[in-house]
Amino acid sequence: MDPIDAILAQWRQERPDLDLSAMGVFARLSRLVRLVETAVEEVFTRHGLRPGEFDVLAALRRGGSPYTMIPSELSAELMMSRAGMTNRLDRLENAGLVARTLDPGDRRSFRITLTDRGLQVIDVTVTEHAANLARLAQALGPGDAETLNRITREMTQALSG
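Let me sum up the structure you'll find in this document. Keep in mind the model is a prediction, meaning the values are calculated, not measured.

**Description of unusual backbone geometry**
At the junction of Ser-65 and Pro-66, the peptide bond is cis and its omega measures out at 15° in the coordinates. Positive phi values are uncommon outside glycine, yet Tyr-67 reaches one of about 55°. In this fold, Tyr-67 is placed in the loop between helix H3 (51–62) and strand E1 (68–69). Of note, Met-79 is a non-glycine position whose phi angle comes to about 50°, a positive value. With respect to the helices, strands and loops of the structure, Met-79 is situated in the loop between helix H4 (71–77) and helix H5 (82–94).

Put into structure tokens, the structure is as follows:
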């Protein structure tokens, strides 16, 4: 029994007419997300990053050499506004993790490139991040990770339209 079970039991007593099965699922997912976010942010903080900054560095890194994108590509890939992206890029540039250069193909636009220091920081951070997530996933039994992955993928697709 967990705290969610206790809450559901109270609701069942007060409102036996309601189907509460989905409430339990989403309450646990919400709690799980908060616990995982806390563990993930601890890793990012050790490397001087906020989650959004990690996302930018990771997008540049996984895109492959020369680790360069234009801000609108980054905004689209990270599903965020250009204004929000500008703030992140300002912080990363000030930290020496990315560099902005004029796009030779369009002098009104910039290219964002990982610096050598940025490449080092994201490689160390993503290595620790992956190990941290693997550690967190150890609570799952054999095959459970793939089942959970499939279920959450299907739900995300269904809810996204």
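Here the narrative resumes.
**With respect to helix H2 (residues 21–46)**
Every α-helix carries 3.6 residues per turn, so stepping three or four residues along brings you back to the same face. When the terminal C-alpha atoms of H2 are compared, their 39 Å separation across 26 residues agrees well with the 38 Å that a helix rising 1.5 Å per residue should span. Taken as a whole, H2 has its buried residues at Gly-24, Ala-39, Val-40, Val-43 and Phe-44. Two residues or fewer past H2, Gly-48 is found with a positive phi of approximately 75°.

**Re the packing of aromatic side chains**
Counted according to the given criterion, the structure contains 1 aromatic pair. When the ring of Phe-44 is compared with that of Phe-54, the centres are 4.2 Å apart and the planes differ by 20°; the resulting orientation is stacked. Of the two residues, Phe-44 is situated in helix H2 and Phe-54 in helix H3; the sequence distance between them amounts to 10 residues. Both residues of the pair, Phe-44 and Phe-54, belong to the buried class.

**Quick notes on the pattern of salt bridges**
Pairs may arise between side chains of opposite charge once their charged atoms sit close together. One pass over the structure, following the stated rule, counts 10 salt bridges. Notably, a salt bridge pairs Glu-128 with Arg-46, separated by 2.5 Å at the nearest N-O pair. Highlighted residues: Glu-128 in helix H6 (residues 116–137) and Arg-46 in helix H2, separated in sequence by 82 residues. Owing to a relative accessible area of 25%, Glu-128 belongs among the partly exposed residues under this scheme. Each of Asp-2, Asp-5 and Arg-28 takes part in salt bridges that share partners, so that together they form one network.

**Points about the sheet that holds E1**
What links the strands of a sheet is backbone hydrogen bonding, and the strands pair in either a parallel or an antiparallel sense. Taken in spatial order, the 3 strands line up as E1-E3-E2 in an open sheet, and their pairing is antiparallel. The outermost strands of the open sheet, each flanked by one partner alone, are E1 and strand E2 (98–103). Where E1 meets strand E3 (residues 106–114), 2 bridges bridge the pair, whose relative direction is antiparallel. Residue pairing for E3: Thr-68 is matched across the bridge by Thr-113. In this fold H3 packs onto E1, E2 and E3, with an angle of close to 95° to the strand it touches most, E3.

Definitions and limits used
- Every residue gets a number counted from 1 within its own chain, in the order that chain's sequence is written.
- Owing to the predicted nature of the model, reporting of local features is limited to residues with pLDDT of at least 70; listing and counting of side-chain atom pairs is limited to 80 or more, with chain, interface and lining totals taken over all residues.
- Each side-chain value is derived from all of the structure's non-hydrogen atoms; neither hydrogens nor water enter the calculation.
- Here a strand is any run of E in DSSP of at least two residues, a helix any run of H or I of at least four, and the numbering for each starts at the N terminus.
- By this rule, a helix spans an expected 1.5 Å times one less than how many residues it contains.
- Between buried and exposed lies partly exposed: a residue is buried under 20% and exposed over 50% of the maximum accessible area for its type, with that area taken using a 1.4 Å probe on protein chains only.
- Only Phe, Tyr and Trp rings are paired, with Trp represented by its six-membered ring, and only when their centres lie within 6.5 Å; those with planes under 30 degrees apart are stacked, over 60 edge-to-face, the remainder tilted.
- A side-chain nitrogen of Lys or Arg and a carboxyl oxygen of Asp or Glu constitute a salt bridge if their distance falls within 4 Å.
- We treat two strands as partners when DSSP finds at least two bridges between them.
- Any two residues whose heavy atoms approach within 4.5 Å at even a single point are treated as in contact.
- In this analysis an axis means a line fitted to C-alpha atoms, helices contributing only their contacting stretch, and an angle means the value between N-to-C directions, from 0 to 180 degrees.

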